[in-house]
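Residues per chain, in single letters:
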Amino acid sequence: MSSQPLYPAYLPVRPEGFTPTQDLPPFKVEEPGLRADPELPEIKVKGKLKNITPRIGTEIRDLQLSRLSKDGLDQVALLAAQRGVLVFRDQDFADIGTQRQKEIATHFGPLHRHPTMGYPEGTGPEFQVVYADEKVGTLRDLLGPRNTYDLWHIDQTFTPNTPGTTFFWNLETPASGGGDTAFTSLPWAYRALSPTFREGLHNLKLLHTSASIGEVARIGTERALKEAVKSEHPLVIQHPVTGEPALFVNPTMARQVVGYKPGESEMLLGFLHEHIRSLDFMCRVQWERGTVVVWDQRTAAHSAVPDFNDGERRHMVRIISYGSQPRPVDS
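Note that the structure is a prediction, hence the values are computed from the model and not measured. (Residues numbered from 1 in each chain as written. Predicted model: local features only at pLDDT ≥ 70, side-chain atom pairs only at ≥ 80, totals over all residues. Heavy atoms only, no water.)

A.B. asks: So what exactly am I meant to see when it comes to the nonpolar core here?
C.D. replies: Looking at soluble globular proteins, one finds that nonpolar side chains tend to be buried together. V76, F88, F167 and W169 are the most contacted members of the largest nonpolar core, which has 34 residues in total. Elements with a contribution of two residues or more to this core: helix 2 (70-83), strand 4 (85-88), helix 3 (98-106), strand 7 (163-172), strand 15 (292-296) and strand 17 (314-322). A per-element tally of this core places helix 2 first, with seven residues. Sequence-distant contacts of W169, defined by excluding residues within four places in its chain, comprise F93, A94, Q101, F127, W287, T291, V292, H315, M316, V317 and I319. Among the nonpolar cores identified, the runner-up in size contains 28 residues, and A182, A189, I237 and F248 belong to it. (Core = buried A, V, L, I, M, F, W, Y, C linked by side-chain atoms within 4.5 Å. Buried < 20%, exposed > 50% of the residue type's maximum accessible area, 1.4 Å probe, protein only. Helix = DSSP H or I, 4+ residues; strand = E, 2+ residues; numbered from the N terminus. Contact = heavy atoms within 4.5 Å.)

Following this line, the structure appears as structure tokens:
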């Protein structure tokens, strides 16, 4: 690839190198979705909405995220909680500058600071750049030979507070296509289970660790385990905004059922990990120039689809805001 990046100012840097994962104490967060007008007037009056599937995902056009009022941003949080994934098209978000991008994301809660991912020069680890080209390689190179590169997960669930509303936008897509992101609905994954099976999950907890599959590949097993930050969360949570129960499983970070023996844990989680991959409650987002995806990580898990050609550039940026502490479903 001989061309230069379209957004060189957003190339990833990390002059301080990899840093230990922050072991954050619990903290209070006001959920912006709870402040929102349930009629969503600023979104529905100005924007054109189309559901991607009946169960997950809504595409929105003719509405600029950068021009929404604070009330409008609250409505974005509510709709993301309800629909899981919002795909905003034809946005100017990539061109409004990092200060304004950070300002908008901070409206939704305190920002996660990633310990290893690169960020645009002059910013900080609140920005996470996802970048691939002929020199850097792709997720396939990071993980090594595998039969499939599905990597279903929820981001950064190893602290008492877990991610809520998350922003992910593209700067450049692979020239030959590909590089989509897939999302699966965690409330619908819960609903698809039988009532008897659901009841058996309600009192279970999972141990979440920062020594994820991705971090082990990035910094090595020994360091990842030594610096691991861990938290326990309910396997079934009640969403703090919608009140819906959701199957809070995270295949890359939560690989142990608390109180289960290893074989028992592997059996149950093996089933649940396969279950959330169902096409029955999944959508796939195709990236276009000007696309911004906003999703609620209590409602949707996701996986990259690293199917694009070797050597092609894919350039994305993510900002994660923290939500409240996961609570168990009401019995």
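There's more to say after this.
A.B. asks: How should the sheet that holds strand 15 be read in this particular structure?
C.D. replies: Adjacent strands of a sheet form backbone hydrogen bonds with each other and so pair up, either parallel or antiparallel. Here seven strands make up an open sheet; going across it, the order is 2-3-4-15-7-17-6 and the pairing mixed. At either margin of the open sheet sits one strand with a lone partner, and together these are strand 2 (48-51) and strand 6 (128-132). With strand direction ignored, the average angle separating the axes of adjacent strands in the sheet is 20 degrees. One ladder, built from seven bridges, connects strand 7 with strand 17; its direction is antiparallel. Looking at the pairing, E172 lines up with H315 of strand 17. In this fold helix 3 packs onto strand 7 and strand 17, with an angle of close to 40 degrees to the strand it touches most, strand 17. (Pairing = 2+ DSSP bridges. Axes fitted to C-alpha atoms, helices over the stretch in contact; angles between N-to-C directions.)

A.B. asks: I would appreciate a short explanation of the environment of R113 in the present structure.
C.D. replies: Relative to the helices and strands, R113 is located in the loop between helix 3 and strand 5 (119-120). Residue classification places R113 among the partly exposed residues on the basis of a relative accessible area of 37%. Along the backbone, R113 and Q22 are 91 residues apart, and their C-alpha atoms lie at a distance of 8.1 Å. Aside from chain neighbours lying at most four places away, what touches R113 is Q22, P125 and E126. Side chain to side chain, R113 and E126 meet in a polar contact 2.5 Å long. (Polar contact = N/O pair within 3.5 Å; in protein donor to acceptor, adjacent residues only side chain to side chain.)

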